[in-house]
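# A structural walkthrough
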Amino acid sequence: MNKILKLIYTLLLLLTVSNNIYAQSATQLEGEFKLGPAIILIVLLLTFILVGIFNRAKDTKTYWAAGRKISPIGAGMAIASNWMSAASFLGMAAIMYGSGYHGLSYVVGWTGGYVLLLILMAGQIRRYGKYTAADFIGDRYYSQGLRGVGAGLAIFISFSYCVGQFAGIGLMFKWILGIDFTWAVIIGASVVLIYTLISGMLGVTKNMQIQYVIIIVSFVIPLFILTYKFGYFYWLPQVGYGAVISDIVNGIAPGGGLSSVGHDFAILPSPEFAMPWDPATGQTAFQWLAICFSLMIGTAGLPHVIQRFYVVPRAKDARWSVVWGLFFICILYWSAPVYSAFGKILSSNPEVGKLSKDAIVVYTTQLGDLYPLIIGFLAAGAVSAAFSTVSGLLVAGASAFSHDLYFNVINPKATEKTQMLMARLGTILMAAGVAIVALLNLGLIAQLVAVAFSLAGCTIFPLFLLGIWWSGSNRTGAWAGLIAGSSVTAIALVYFIGGKFGASLPYQEFINYYLNAWYFAWLGAPLAIISNIVASKLSKNKTPLEIKKFLAQKVHNYE
């Protein structure tokens, strides 16, 4: 006990000393090692690893589904933590900082997706009683081929989603440690990989509950301080920031003679910041609606989100976990626009220099001259947000690789020990691949994540929607829907990647607008659903009677 107290005392002393050093360079937004934030980060990372060790997976059931022992509130916190990724913590404010009102399409789309899950899928998915998304697809459509494709999609979607998270981890490690972005990504990826390998779904879920508290506390506290300091309504910053928007629109600097760490405010009227689809933003009503739609249905098709419904004991718990998850998520989602508004007004002076949009949450608190350790805690919260999502994605990808591909398709006689070995191998391979792609800096964090949503919306969402609610959907229809959705996905991604590397393709401008990588599901998902229905109707290969009975008696038998 005495050793622990001495350790805590030493850490507090170091934090106090580092605060004095760090405060002297508050205007230097990146490039130097920050001792206080680094200590906070290290303490949090050690906590995550220890929680993983004490709740480590000892068998496949614990590795895939946490032994189905998580309570609805605990599962809701884990859902929220798993959901509030770097895209939510950093990316939403970044999008709104850059494009104002248009960025709200991400807030509406991601939140609306959980409403869809609550109404259409949560209880039914749990009643079906499988471990993974590919498990459901293979069983419901009575096809090992579809199971394999579903596993491949789960891996690819999880991979795409992970890229944005690793970019966020790298950005925060770079900011805290003052190191090169490449090393920041490698170090961050190594840490999250270690505790994911140890813990599996049980340890990951326990960590997510801790990470949720860290995420919310670190995200909300600076808002009260900023609104109080600059004379806005601080009792509820999510409401008080409306006056900040008015000041941005009218070009009015905050009162009280305050400055942004020595830089006077230099604000020009920016009415487009608060106007829907203003031409000045370069965005249209179609794009706003397409992003909303794609993110909503994509949310309901993400493998790592679906897999969270398998960790609770009953279907009723699955529904309540979504309700609690929505409540916890909304706390952060209502708060993100505050950072974008303050970031806009505090960085308005040209002397501040060009800021990285994805780091605007941290930069806003620095420009507001907040206590450095609060800023460090905020950065650590961003790392927690990315870690919580990455760990869930790595488990989902590993589950698809080991349970769905290796055990159910390649080697059904594999022992549990072999399955665990393959799961850990899959986790390592996926983490290494994601880290490599993350270093390419293909786009903003929220945009990179949006690719995974559109992909899920075009492929997995139609299979679950029709598989749960229409017993007439059969194997032939599933293949037809997958081919249609995957074709739209392939076109969108080929044009996106080609454009990033300077290729000139036919109708590039047209495709980039209507099948943009961030929202191509607006076309792909309806086309996949229609193809599934038409092919199922025309096919002679009807859904087996036992599956129809199971859907009627078990899946839709409300408790």
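The numbering scheme is per chain: residues are counted from 1 as the chain's sequence reads. At least 70 in pLDDT is required for a residue's local features to be given in this predicted model, at least 80 for side-chain atom pairs to be given and counted, and no such filter applies to totals for whole chains, interfaces and linings, which use all residues. Where side-chain values are given, they derive from all heavy atoms of the structure, hydrogens and water being excluded.

## Details of the confidence of the model for the protein
For residues with low pLDDT, the predicted coordinates do not support detailed interpretation. Test applied: Each residue gets a pLDDT score, which is the predictor's confidence in that residue and runs from 0 to 100. A run of H or I in DSSP becomes a helix once it reaches four residues, and a run of E becomes a strand once it reaches two; helices and strands are each numbered from the N terminus. Pairs of residues are marked as contacts when any of their non-hydrogen atoms sit within 4.5 Å.
When the pLDDT values of the protein are averaged, the result is 78; 80% of them are 70 or greater. Ranking the elements of the protein by mean pLDDT puts helix α1 (residues 2-23) last, at 43, and helix α21 (residues 521-538) first, at 96. Contacts of residues 1-29 to residues separated by more than four positions or lying in other chains number 33 contacts, the stretch itself having pLDDT below 50. For residues 64-68, every residue scores under 50 in pLDDT, and the model assigns this stretch 29 contacts once sequence neighbours within four places are set aside.

## Focus on the nonpolar core
Here is the rule: To form a nonpolar core, buried Ala, Val, Leu, Ile, Met, Phe, Trp, Tyr and Cys residues must be joined to one another through side-chain atoms within 4.5 Å. Buried means the residue's accessible area, taken with a 1.4 Å probe over protein chains only, is under 20% of the maximum for its type, while exposed means over 50%, and partly exposed covers the values in between.
Of all hydrophobic cores here, the largest spans 153 residues; its most connected members are F89, F166, F387 and F464. Here this core gets 17 residues from one element, more than from any other, and that element is helix α9 (residues 181-229). The contact partners of F166, leaving out residues within four places of it in the chain, are V185, A189, V192, V390, A431, V434, A435 and A438.

## Considerations on the environment of F464
Note that F464 resides in helix α18 (residues 445-469). Of the residues examined, F464 reaches a relative accessible area of 0% and is grouped as buried. For the pair formed by F464 and I125, sequence separation is 339 residues and the distance between their alpha carbons is 8.6 Å. Apart from residues lying up to four places away in sequence, F464 is in contact with M121, I125, A133, F136, I137 and I306.

## Considerations on the packing of helix α10 (residues 237-250) against helix α14 (residues 336-346)
The following threshold applies: Note on method: axes are straight lines fitted to C-alpha atoms, helices fitted across the in-contact stretch only, with angles between N-to-C directions ranging 0 to 180 degrees. Crossing handedness is read from the near helix: turned anticlockwise from the far helix by less than a right angle, it gives a left-handed crossing, and turned clockwise, a right-handed one. Throughout this entry, Asp, Glu, Lys and Arg are counted as charged residues, while Ala, Val, Leu, Ile, Met, Phe, Trp, Tyr, Cys and Pro are counted as nonpolar. The remaining residues, Gly among them, count as polar.
In contact at an axis separation of 9 Å, α10 and α14 are set at 30 degrees when each is read in the N-to-C sense. Crossing of α10 over α14 shows left-handed handedness. Along its contact with α10, which presents P237, Q238, Y241, V244, I245, D247 and I248, the element α14 presents P337, V338, A341, F342, K344 and I345. Its residues placed into classes, the contact of α10 with α14 shows ten nonpolar, one polar and two charged.

## Thoughts on the pattern of salt bridges
For clarity, the cut-off: By definition, a salt bridge exists where a carboxyl oxygen of Asp or Glu is found within 4 Å of a side-chain nitrogen of Lys or Arg.
In this structure the tally under the stated criterion is one salt bridge. A salt bridge links R147 to D135; its shortest N-O distance comes to 2.7 Å. Placement of R147 in helix α8 (residues 144-177) and of D135 in helix α7 (residues 133-140) is noted, with a sequence separation of twelve residues between them. A residue is classified by how much of its surface remains accessible, and D135, at 7% relative accessible area, is buried.

## Quick look at the packing of aromatic side chains
The following threshold applies: Think of it this way: a Phe, Tyr or Trp ring, Trp meaning its six-membered ring, pairs with another when their centres are within 6.5 Å, and the plane angle makes it stacked under 30 degrees, edge-to-face over 60, tilted otherwise. Here, over-ring charges are defined by two tests on the NZ atom of lysine or the CZ atom of arginine: distance to the ring centre within 6 Å, and angle to the ring normal within 35 degrees.
All chains considered together, the criterion is met by 17 aromatic pairs. With a centroid separation of 5.5 Å and an interplanar angle of 35 degrees, the aromatic rings of F286 and Y513 are classed as tilted. With F286 in helix α11 (residues 285-299) and Y513 in helix α20 (residues 508-514), this residue pair connects regions lying 227 residues apart in the sequence. Residue F286 is classed as partly exposed on the basis of its relative accessible area, which comes to 24%. For Y513, a relative accessible area of 26% gives the class partly exposed. Ring geometry for F286 versus Y519: centroids 6.0 Å apart, planes at 90 degrees, classification edge-to-face. Pair noted here: F286 is in helix α11 and Y519 is in the loop between α20 and α21, with a separation of 233 residues, a long-range link. The buried category is assigned to Y519, whose relative accessible area is 2%. Above the plane of the ring of Y141 lies R140, whose end atom (NZ or CZ) is 4.9 Å from the centre.

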